[in-house]
Amino acid sequence: MLVIGLLLLLMAFIRPVVQRLPVTPTMVYLLIGIALGPWWHDAIRIDPILHAPWLHHAAEVSVIVSLFTVGLKLRLPLLDPRLRPALGLATISMIITVGLVAGAGVWLLHLPLGAAVLLGGVLAPTDPVLASDVQIKNPQDQDKLRLTLTAEGGLNDGTAFPFVMLGLGLLGLHDLGAHGWRWWLIDGLWAVTGGLLIGGGLGYGVGRLVLRVNSRQRTITALGEYMVLGLIGASYGAAVLLKTYGFLAVFAAGVALRAAERIASGTTPEADAVAAAATEGRLPAAQLVRDPKTAPAYFAGALLATNEQLERILEVALVLVLGAVLTVAGLSADALWFAPLLFFVIRPLATLPLLLIGRFSRFEYGVISWFGIRGIGSIYYLMFAIDRGLPPALADDFTSLVLTLIAASILAHGLSVTPLLNRYNRLARKTKKAGS
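Notes on the structure follow. In this text, all values refer to a predicted model and were calculated from it rather than measured experimentally. (Residues numbered from 1 in each chain as written. Predicted model: local features only at pLDDT ≥ 70, side-chain atom pairs only at ≥ 80, totals over all residues. Heavy atoms only, no water.)

### Structural notes on the overall build of the protein chain
Helix and strand counts for the protein chain come out as 18 helices and zero strands. When the backbone C-alpha atoms are referred to their principal axes, the protein chain occupies close to 65 × 50 × 50 Å. Relative to its 436 residues, the protein chain shows a buried fraction of 57%. Across the protein chain, every contact between residues at least 6 apart in sequence was considered, and the portion connecting residues at least 24 apart equals 81%. Of the roughly 18,700 Å² of accessible surface on the protein chain, 67% is carried by carbon and sulfur atoms. (Helix = DSSP H or I, 4+ residues; strand = E, 2+ residues; numbered from the N terminus. Buried < 20%, exposed > 50% of the residue type's maximum accessible area, 1.4 Å probe, protein only. Contact = heavy atoms within 4.5 Å. Areas by Shrake-Rupley, 256 points an atom, 1.4 Å probe, with all protein chains shown as cover.)

Structure (C-alpha cells):
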C-alpha cells in the first residue's frame, strides 16, 4: 500500500512529462514493479502460485471495471455495421488465435492437448486495461481503427472463456459432459448469450430508471460512483450466479447504459459537446446540464469520467504487482521465440479475415494486427486456471511464460504506439484533406 500510494503521488506529478515521451505510463509502472521485486530492492515479494487466489480476484476487479469503461465509450448498438470488424476479431480471430497457439503448444512446447488449448485461451484475448492509448478517447470519436480495437478489447475478454473452460475440461479439471454437450450448451451457447442478455437488460433498465428520476427532478443527480460500482457489481454478480460469463455481462451493461442515453438525447451536436465535456471532466453550462435534451449526455459522460479514473488507479496497482510477480516467477526462455511468434505471425494471421469484413487499408490492417496487446485479462485467466487446480509443473511453466509475454507486450507495444499512431493520424489528415 505504501509503494502504490507513493507511485500514485509520483505519477500525479510526472504524468504530463511521461505523456510527452515515447513511452507509456504502463511501462513506467512495470519497470518500477520489477525494481521493487526480489531482483533489486526486494520490497515486494508475491508468489504467483501461493497468492493465486488474491491475484485472481485483483485481476478480476481490474478487468470488469475496464470492460464497463469500454462499453460506455461505445455510443453505438452492438449490431451496428461499424462494429462488425470488432465482432469478427472477437469470434473468428479468437478461434484462429486459440488454434494457432494450441498448435504451437503441442508441436513446439510439447504440451498435452488440454494444456495447449488452455494456453491458447489464456493468451488469445487482447487487453482493454492496457490498450487505452489505442482506444477511442470519447464516445464522439468514431475513428474506424480505434473503434475496432476498443470494441475488440471489450468483447474478446469474454469470448475467450469457453476456450479456457475447454482446456480445463481436457485436463480433467472441468466437466465437459458426454461428447462435450455441457461445454457446447452451457459453457458456450448459454454462458455467452446469457451474459450479454443479463448485462444488457440491467444496463438499459438502470439507465432508463435514472434518466426518468432525473427528468422529474429537472437536474442531474450526482450518482457517479454509486452508479458505476452498483451496476458493475449487479451485472457481474447476477451473470456469475446464473452460470454465464460476467465479463460479457459487464461489457453489455456499459453498452446498454450508453444506449439508454443515446436514445434519450439523440445525436445532436449539443449532446455530443456536452458528453465530450463531461468525459474530459469539464462542467458544461448550467442550462445544458438541466436541459432534458442534453442532460442524459452529461450524465453518461460523467459516469465514463468516473470509471476511467478508477480504471487508471487499478492499472497502476496491477501492473506494479505484475512487475514484482515476474521477478518471482522468473523470465521464460521459451518467450524468446514465442513472443515473436505470437506478435508477428499468430496475431497477423488471425486478423486476416478483417480485410474481408472491414475494408481496411494495408496500413490500418498492419496497425490492428500489431496492437494485439496482452495484459490483465491473461493474468486473470492464468490465475483462474491455477485456482481450478492446474498441476504444479504446468502452473509454474505457464506462469513464467505468460507473465514474460505480457511484459514483452507492454514494452514492445508501448514503445511503438506513439510513432505508429502519429503516422496513422498524418495519413488520416491527408486522406481527409484529399477528400475535401
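### A word on helix α14 (residues 335-350)
Taking 1.5 Å of rise per residue, 16 residues should cover 22 Å, yet α14 covers just 20 Å from first to last C-alpha, more than 12% shy of that figure. Along α14, the sharpest kink reaches roughly 40 degrees, centred on L342. Looking only at α14, the buried set comprises A335, F338, A339, L342, F343, I346, R347, P348 and A350. (Expected span 1.5 Å × (residues − 1). Bend = angle between axes of the 7 residues up to and from the residue.)

### Some thoughts on the environment of L310
Inspection of the secondary structure puts L310 in helix α13 (residues 295-329). Residue classification places L310 among the partly exposed residues on the basis of a relative accessible area of 28%. Separated by 241 residues in the primary sequence, L310 and T69 place their C-alpha atoms 9.6 Å from one another. With residues near it in sequence (within four places) discarded, L310 still touches V65 and L229.

### Quick word on the side chain of T150
Along the chain, the position of T150 falls in helix α6 (residues 144-159). The class for T150 is buried, based on a relative accessible area of 0%. In contact with T150, not counting residues within four places along its chain, are V70, L74, Q135 and I136.

### Here's the deal with the pattern of salt bridges
Applying the stated criterion across every chain yields a total of eight salt bridges. In this structure, D42 and R45 form a salt bridge, with 3.0 Å as the shortest nitrogen-oxygen distance. On the basis of relative accessibility, which here comes to 37%, the residue D42 falls in the partly exposed class. E308 is paired through a salt bridge with K73; the nearest N and O atoms lie 3.7 Å apart. (Salt bridge = Lys/Arg side-chain N within 4 Å of Asp/Glu carboxyl O.)

### Quick notes on a positive patch on the surface
The grouping of R423, R426, R429 and K430 at the surface amounts to a positive patch. Note on placement: R426 falls in helix α18 (residues 392-435). (Patch = residues over 30% accessible without salt bridge, like charges linked within 9 Å, V, L, I, M, F, W, Y side chains within 5 Å. Lys, Arg positive; Asp, Glu negative; His and termini not counted. Charge placed at Lys NZ, Arg CZ, Asp CG, Glu CD.)

### Looking at empty space enclosed by the protein
Per the counting criterion, the structure on display carries four cavities of 30 Å³ or more. Taken as a whole, the second largest cavity holds about 70 Å³ of empty space. Together, L55, A59, L318, V321, L322, V325, I379, M383 and L403 line the second largest cavity. Of all the elements in the fold, those that place two or more residues in the lining of the second largest cavity are α3 (52-73), α13 and α17 (376-387). Counting residues per element, the lining of the second largest cavity draws most heavily on α13, at four residues. (1 Å grid on protein atoms, 1.4 Å probe; cavity = no way out; pocket = protein on both sides within 12 Å on 5 of 7 lines; lining within 4 Å. Points joined across faces, edges and corners; volume = space filled by probe spheres on them.)

### Examining the packing of helix α5 (residues 113-123) against helix α7 (residues 161-170)
With their axes 7 Å apart at the nearest point, α5 and α7 run at an angle of 160 degrees to one another. Put simply, α5 runs roughly antiparallel to α7. By crossing handedness, the relation of α5 to α7 is classed as left-handed. Taking contact as the criterion, the partners of L113, G114, V117, L118, G121 and V122 in α5 are, on α7, F163, V164, L166, G167, L168 and L170. Of the residues belonging to the contact of α5 with α7, the class tally is nine nonpolar, three polar and no charged. (Axes fitted to C-alpha atoms, helices over the stretch in contact; angles between N-to-C directions. Parallel < 35°, antiparallel > 145°, perpendicular 65-115°, else oblique. Left-handed = near helix turned anticlockwise from the far one by under 90°. Nonpolar A, V, L, I, M, F, W, Y, C, P; charged D, E, K, R; others polar.)

### As for unusual backbone geometry
You will see that H110, though not glycine, has its phi angle at about 60 degrees, which is positive. Looking at the element boundaries, H110 is found in the loop between α4 (84-107) and α5. Judged by relative accessible area, which is 66%, H110 ranks as exposed. Backbone geometry at H179 places phi at a positive 60 degrees, although glycine is not the residue there.

### Some thoughts on the nonpolar core
Among the nonpolar cores identified, the biggest contains 125 residues, and F68, L119, F338 and F398 are the most heavily contacted of them. Sequence-distant contacts of F398, defined by excluding residues within four places in its chain, comprise L111, A115, L118, L119, L382, L390 and L403. (Core = buried A, V, L, I, M, F, W, Y, C linked by side-chain atoms within 4.5 Å.)

### A word on the packing of helix α2 (residues 25-36) against α13
Running from N to C, α2 and α13 cross one another at 40 degrees; their axes reach a closest spacing of 7 Å. In terms of axis orientation, α2 runs oblique to α13. In this structure, α2 crosses over α13, and the sense of that crossing is right-handed. Here α2 contributes T26, Y29, L30, I32, G33, I34 and L36 to the contact with α13, which in turn contributes E315, V316, V319, L320, L322, G323, A324, L326 and T327. Looking at the contact of α2 with α13 residue by residue, the class counts come to eleven nonpolar, four polar and one charged.

### Focus on the side chain of N156
Tracing the chain through its elements places N156 in helix α6. In this view, N156 contacts A90, M94, A124, P125 and T126; residues no more than four positions away in its chain are not counted.

### Description of the packing of aromatic side chains
Applying the stated criterion to the full structure yields 14 aromatic pairs. Here F247 and Y381 contribute two aromatic rings whose centre-to-centre distance is 6.2 Å and whose plane-to-plane angle is 70 degrees, an arrangement assigned as edge-to-face. Of the two residues, F247 sits in helix α10 (residues 246-265) while Y381 sits in helix α17, which places them 134 residues apart along the sequence. What links up through ring pairs into an aromatic cluster is the set F161, Y236, Y245, F247, Y380, Y381 and F384. Positioned over the ring face of F360 is K144, at 4.7 Å from the centre of the ring. (Phe/Tyr/Trp six-rings, centres within 6.5 Å; stacked < 30°, edge-to-face > 60°. Lys NZ or Arg CZ within 6 Å of the ring centre and 35° of its normal.)

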